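Secondary and tertiary structure notes
Listed below, chain by chain, are the residues.
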Amino acid sequence: MNKNTVTLTNNRNGKSYEFDILDATVGPSVINISTLYKETGMFTYDEGYTSTASCKSDITYIDGGAGKLMYRGYDISYLSKEKTFLDTAYLLLNGELPTEDELGAFSFEMQKRSFVHEGVKKLFDAFPDRAHPMAILSAGVSALSTFYYKHLDITSPQEYKEMSNRIVAKIPTLAALSYRYSNGLPIIYPDMDKGFTENFLCMLRGYPHEYVELKEIEIKALDTIFTLHADHEQNASTTAVRNLASTNAHPYAAISAGIGALWGRSHGGANESVIRQLEMIGTVDRVDEFIAKAKDKNDPFRLMGFGHRVYKNFDPRATVLKNIRNELMDELCIDSELVEVANKIEQIALNDDYFISRGLYPNIDFYSGLILQALKIPKDMFAVIFVIGRTPGWIAQWSELNQQKTVKIARPRQLYIGPNDRTPEH
Ligand code: ACO
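Notes on the structure in this doc start here.

Structural notes on the sheet that holds strand β5 (residues 68-71)
Spatially, β4-β5-β6 is the arrangement adopted by the three strands of the open sheet, whose pairing is antiparallel. Because the sheet does not close on itself, it has two edges, and the strands there are β4 (60-63) and β6 (74-75). Pairing analysis gives four bridges linking β4 to β5, with the strands arranged antiparallel. Bridged to Asp63 within β5 is Lys68.

Thoughts on the sheet that holds strand β3 (residues 30-31)
An order of β1-β2-β3 is seen for the three strands of this open sheet, with the pairing classed as antiparallel. The open sheet has two edge strands with one neighbour each: β1 (5-10) and β3. Where strand β2 (residues 15-22) lies against β3, two bridges are found, and the strand directions are antiparallel. Note on β3: the bridge partner recorded for Leu22 is Val30.

Topic: the packing of aromatic side chains
Using the criterion set out here, one finds 17 aromatic pairs in the structure. Seen from their ring centres, Tyr37 and Phe43 are 4.7 Å apart, and the 25° between their planes marks the pair as stacked. With a relative accessible area of 34%, Phe43 lands in the partly exposed category. Arranged with centres 6.1 Å apart and planes meeting at 25°, the rings of Tyr74 and Tyr78 form a pair that is stacked. Exposure remark for Tyr74: the relative accessible area of 28% places this residue in the partly exposed category. In textbook terms, an aromatic cluster arises when at least three aromatic residues are bridged by ring pairs, as seen for Phe306, Tyr354, Phe355, Phe366 and Tyr367. Here the basic side chain of Arg180 rests over the ring of Tyr207, its NZ or CZ set 5.3 Å away from the ring centre. Residue placement shows Arg413 over the ring face of Tyr37; its charged tip is 5.9 Å from the ring centre.

Overview of the site of the ligand
Close to the ligand lie 17 residues; Lys297, Leu303, Gly305, Arg309 and Lys312 are nearest. Leu303 places a polar main-chain atom, nitrogen or oxygen, 2.7 Å from a nitrogen atom of the ligand. Phe306 places a main-chain nitrogen or oxygen 2.9 Å from a nitrogen atom of the ligand. If the ligand stood free it would expose 930 Å²; the protein chains cover 70% of that surface. The class makeup of the residues in the shell around the ligand is seven nonpolar, four polar and six charged.

Some details on the packing of helix α10 (residues 236-246) against helix α18 (residues 382-402)
Between α10 and α18, the least distance of the axes is 9 Å, while the angle of their chain directions is 35°. Relative to α18, α10 is oriented so that their crossing is right-handed. Where α10 abuts α18, its residues Ser237, Thr238, Val241, Arg242, Ala245 and Ser246 lie against Arg390, Trp394, Gln397, Trp398, Glu400, Leu401 and Asn402. Per-class residue counts for the contact of α10 with α18 are five nonpolar, five polar and three charged.

Some remarks on unusual backbone geometry
Glycine aside, negative phi is the norm for most residues, and most peptide bonds take the trans geometry. Even without being a glycine, Tyr49 presents a positive backbone phi close to 50°. Given the relative accessible area of 49%, Tyr49 is considered partly exposed.

Comments concerning a negative patch on the surface
Taken together, the side chains of Asp285, Asp335, Glu337 and Glu340 present a region of like negative charge at the surface. Among the secondary structure elements, Glu340 is positioned in helix α15 (residues 337-351).

Some points on the side chain of Asn271
As for its placement among the helices and strands, Asn271 is situated in helix α12 (residues 270-281). Classification of Asn271 by relative accessible area gives buried; the value is 3%. Reaching out from Asn271, the side chain makes a polar contact with the side chain of Ser368 at a distance of 3.2 Å. In contact with Asn271, not counting residues within four places along its chain, are Asp365, Ser368, Gly369, Leu372 and Phe382.

Here's the deal with the pattern of salt bridges
Tallying each qualifying case throughout the model produces 19 salt bridges. As a salt-bridge pair, Arg166 and Glu162 come within 3.1 Å of each other at their nearest N and O atoms. Of this pair, Arg166 and Glu162 are both found in helix α7 (residues 157-182), four residues apart, which corresponds to roughly one turn of the helix. Here Glu279 and Lys379 are joined by a salt bridge, their closest N and O atoms 3.2 Å apart. Remark: Lys379 occurs in the loop between α17 (364-374) and α18 and Glu279 occurs in helix α12; sequence separation between them is 100 residues. One connected set of salt bridges, linked through shared partners, spans Glu109, Lys112 and Arg113.

Re the packing of helix α6 (residues 133-147) against α18
Remark: α6 packs on α18, axes separated minimally by 8 Å, with the N-to-C direction vectors making an angle of 35°. Two secondary-structure elements touch here, α6 through Pro133, Met134 and Leu137 and α18 through Ala383, Val384 and Val387. Grouping the constituent residues of the contact of α6 with α18 by class yields six nonpolar, no polar and no charged.

How each quantity is defined
Residues numbered from 1 in each chain as written. Predicted model: local features only at pLDDT ≥ 70, side-chain atom pairs only at ≥ 80, totals over all residues. Heavy atoms only, no water. Pairing = 2+ DSSP bridges. Helix = DSSP H or I, 4+ residues; strand = E, 2+ residues; numbered from the N terminus. Phe/Tyr/Trp six-rings, centres within 6.5 Å; stacked < 30°, edge-to-face > 60°. Buried < 20%, exposed > 50% of the residue type's maximum accessible area, 1.4 Å probe, protein only. Lys NZ or Arg CZ within 6 Å of the ring centre and 35° of its normal. Near = heavy atom within 4 Å. Polar contact = N/O pair within 3.5 Å; in protein donor to acceptor, adjacent residues only side chain to side chain. Areas by Shrake-Rupley, 256 points an atom, 1.4 Å probe, with all protein chains shown as cover. Nonpolar A, V, L, I, M, F, W, Y, C, P; charged D, E, K, R; others polar. Axes fitted to C-alpha atoms, helices over the stretch in contact; angles between N-to-C directions. Left-handed = near helix turned anticlockwise from the far one by under 90°. Contact = heavy atoms within 4.5 Å. Patch = residues over 30% accessible without salt bridge, like charges linked within 9 Å, V, L, I, M, F, W, Y side chains within 5 Å. Salt bridge = Lys/Arg side-chain N within 4 Å of Asp/Glu carboxyl O. Lys, Arg positive; Asp, Glu negative; His and termini not counted. Charge placed at Lys NZ, Arg CZ, Asp CG, Glu CD.

Now the structure itself:
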């Protein structure tokens, strides 16, 4: 018996087929079924791809049971404590952490490339007031492909670098512009003297000729949120980016598709829902009522920001953000009713058997929502913040797929359950 294969037997005809097992460096092995249809005439059925590896990748590894997340082999707790978001972006894009000189050069590159073509502003002018910033951002990124059409055919490592650096640098500017246009606010241009995260906060909050005073902890908190969102292997938006990459689409069209997928309420919108739910609960004396609703089997109500599909013991990103949230609240002296409501829910859930027995603990969205609220970032910008963090991951995944020797177009099959030929005789 070959230990590196799996045997599949079709009980309808008694035939057996062997498929190779491919081993991962760490984590589950996979069964290579790429010849399944040719050999058996059948497809596999796996709605939502819950058991399907769609690619080979050396970028990000998640161990949901152990609560572990690594980018290029580095644990996110190390990256978020010891490194900045720009280190992490460099790591994702280049495979290695930068040296001091490389980080300096990358940071300068980010500043230099942070301006967007003035033509983009004309496009933004056409959107109605109060247009959702995610819709504006998605359109803006797609529009960048008209300014940098040459990135459609990338042939050298230098061109990959230029394309990647350009989009990572411009995303914060486009994100801030999306907010300013949506709210009819004057535009603040990037400042060449400021670092990546500080610059974004100033473009978001500032006014012309007004100095935006930021505490170090505010910059650190947002920088950490960016780092913790930088990649999460083959989630829905990354899969959207990879699907477009497989068709040879323009990389910025692929990022725009990623933004569209992330905009979905089941994906990037969870931290916004956390704050909306806390506001709906409103006062500490109503918390018990909502905890009871969350535990009631006949009530569809769920506590937002609790539980996770992949992390079943704890969310390692939440552990990092909990500490930052505490530091931020102390330094900014934030003591609102909303924070009190959140603290009470957190305390009850961490000690209540219903939540403990089901592995329901606060996830990244519980803390990131509270942090973004404390940073005075409007709720409809929460998903936009996610986009800024995720862009290096998307581009790394786009590049990984494009640099393969052969690229197979993403084209799943289906189990057809509609009517057979109903065409009348003619
Ligand atoms: N509040 C109350 N009960 C919950 C919650 C919750 N937030 N989440 C799960 N449960 C209960 C379920 O009712 C179920 O109970 P049962 O075993 O008695 O039937 C049990 O816990 C398991 O729940 P599932 O839905 O099977 O867990 P699943 O892994 O499919 O869902 C999910 C994970 C979708 C995140 C869920 O926990 C949830 O809806 N959480 C609230 C929304 C949220 O915070 N989403 C953000 C996730 S983080 C991210 O996407 C980046």
